[in-house]
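Spelled out, the chains give:
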Amino acid sequence: MTKPVLVVNPSSGGGKTGKTFGAMRETIERRLGPCEVRETARVGHAIELARDAALGGAALVVAVGGDGTFNEVVNGLMLAKAQGAEPELGLIAQGTGGDFRRTLGLEHRLDVYLDALSEGATRRIDVGLLTHEGDKTRYFVNILSVGMGGLVDRYVADASRALGGTAAYFGASLRALVNAKVGRVRCKVTRGGVTTERTVETLMLAICNGRYFGSSMMVAPMAELDDGVFELVALGNTSKVGFALTSKRIYDGGHMKDPSTLHMTGDTFELALENPDARAQFLIDLDGEPLGGLPITVKLVPGALALRGR
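The sections below set out a description of the structure shown in this document. Since the structure is predicted, the reported quantities are computational estimates derived from the model, not experimental observations. (Residues numbered from 1 in each chain as written. Predicted model: local features only at pLDDT ≥ 70, side-chain atom pairs only at ≥ 80, totals over all residues. Heavy atoms only, no water.)

1. Overview of the overall build of the chain
Heads up, the rule is: Helix and strand definitions follow DSSP, with helices as H or I runs of at least four residues and strands as E runs of at least two, each counted in order from the N terminus. Each radius of gyration is computed over the set of C-alpha atoms, and the globule rule expresses the reference value as 2.2 Å times the number of residues to the power 0.38. Burial classes follow relative accessibility: with a 1.4 Å probe on protein chains only, a residue under 20% of its type's maximum area counts as buried, one over 50% as exposed, and anything between as partly exposed. Using a 1.4 Å probe, accessible areas were evaluated by the Shrake-Rupley method; residue-level cover was limited to the displayed protein chains. The charge count includes Lys and Arg as positive and Asp and Glu as negative, but it does not include His or the ends of the chains. In plain terms, the charge of a residue is placed at NZ if it is Lys, CZ if Arg, CG if Asp and CD if Glu.
When you go through the chain residue by residue, the secondary structure sums to eight helices and 18 strands. Whereas a compact globule of 310 residues would reach a radius of gyration of roughly 19 Å, the chain reaches 19 Å, a difference of no more than 12%. When the backbone C-alpha atoms are referred to their principal axes, the chain occupies close to 55 × 50 × 35 Å. Burial statistics for the chain: of 310 residues in total, 52% are counted as buried. Total accessible area on the chain stands at roughly 13,100 Å², and carbon and sulfur atoms take up 50% of it. A gap of 3 Å separates the mean positions of the 35 positive and 35 negative side-chain charges of the chain.

Put into C-alpha cells, the structure is as follows:
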C-alpha cells in the first residue's frame, strides 16, 4: 500500500469533522494525491485502524481529529513498530484543543497542515510509555498529567453535553476545583542513569514531551519533542485560590517563575501517592482521557516515531 491513509474521527470538533470532511478530502488529495480513508466508529478504534494501516504497508498515516485521535494513532503505530512496520506519522488537527499542533508551531488552517505534510521535513520524535494499574500500558507524545486534569476528565465524562463541550468543560473544571485534594506525590526521576527523588505537595503535576495541554496552557515552555528528555512540572501552590491564580499564568509560561513550581528533567519517572485520602481525586489525564490513578511509571522511548511536518 502506497497511498497515504487518513484515520478520520468524524466526532472530533464536536462533530464538525464528520460534516466537513467530504469537502476537506478534495483539498487534501489535491496536495497529497489519492488517499485511503478509514473512519473511527468508537473510542480506541483509531489504534486498530492505524496499526492495520501500518502493517498493511502504508508509508504515511495521518490522524484527522483531535488530540485524543492523534494519541490513538500514535499507539497504533507503536504497536505496528513492534512488528517491524514504521510508516511516517502526520497530523491534520480537527479537535477543539489543538495542543500538539501548537507545539509544532502550526496555525490551525488546512493549507498549513497540508504544507507541512507535503513539503515539511521528517524528524524522529520521542514517545512516552506509561505503565499503570500493574501492567497496563499506553503510549503518548504530548503530555501526561495527574491531579486536576484527570478529575476534570472524569467529570466531563459524567456531564451532559446538551449545552456543548465548552459548557461541559467549564462546569467540570469548577466542580473539580471544589472537590480536588492536594496530592503528596513521591517523584523518582532518572536521567542518564542518575536518580533523584523528591516529594511534592501539589494539585497538578505533568510529565511533558510537548509544551501545551488543556487547550493552549503552556505548561512546559522548554519542552522539545526530540531532545531525549521529558519535563516534569508540578505546581506548588496548594491553596485552591492560589492554584486558580497560578493556573492563569500557565497560558504564557509565567508559572515557571514561581519559586513553588517544581521542575525536573528525566527519561524515566516513577510517581506514587503518599496520602491515600486523595486517591479518588488524583487521577491521570492523557491527552484528554482519564486513565485511573497513581502509582505509574513513565519511560521515554527516544526517536521512536517519524513525524512528517515541522
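2. Notes on the packing of aromatic side chains
We apply this condition: Two rings belonging to Phe, Tyr or Trp (six-membered ring only in the last case) form a pair when the distance between their centres is within 6.5 Å. Interplanar angles under 30 degrees mark stacking, angles over 60 mark edge-to-face geometry, and anything in between is tilted.
All chains considered together, the criterion is met by two aromatic pairs. Between phenylalanine 140 and phenylalanine 230, the aromatic rings sit 5.8 Å apart at their centres with planes inclined by 40°, giving tilted as the arrangement. One end of the pair, phenylalanine 140, is in strand E6 (residues 136–140); the other, phenylalanine 230, is in strand E13 (residues 230–234), and 90 residues separate them in sequence. Assigned by exposure class, phenylalanine 140 and phenylalanine 230 land together as buried.

3. As for helix H3 (residues 67–81)
Because each turn of an α-helix spans 3.6 residues, side chains separated by three or four positions in sequence point in the same direction. Inclusion rule: Helix span is expected to be 1.5 Å times the residue number reduced by one.
For H3, spanning 15 residues, the distance from its first C-alpha to its last is 21 Å, which sits close to the expected 21 Å at 1.5 Å a residue. Residues Asp67, Thr69, Phe70, Asn71, Glu72, Val73, Val74, Asn75, Gly76, Leu77, Met78 and Ala80 constitute the buried set of H3.

4. Thoughts on helix H5 (residues 110–119)
Formally: For this analysis, residues touch if any pair of their heavy atoms sits within 4.5 Å.
Looking at H5, one finds that the buried residues are Val112, Tyr113, Leu114, Ala116 and Leu117. Those residues of H5 hidden inside the fold are in contact with helix H1 (16–32), strand E3 (60–65), strand E4 (88–93), helix H4 (99–103) and strand E18 (296–309).

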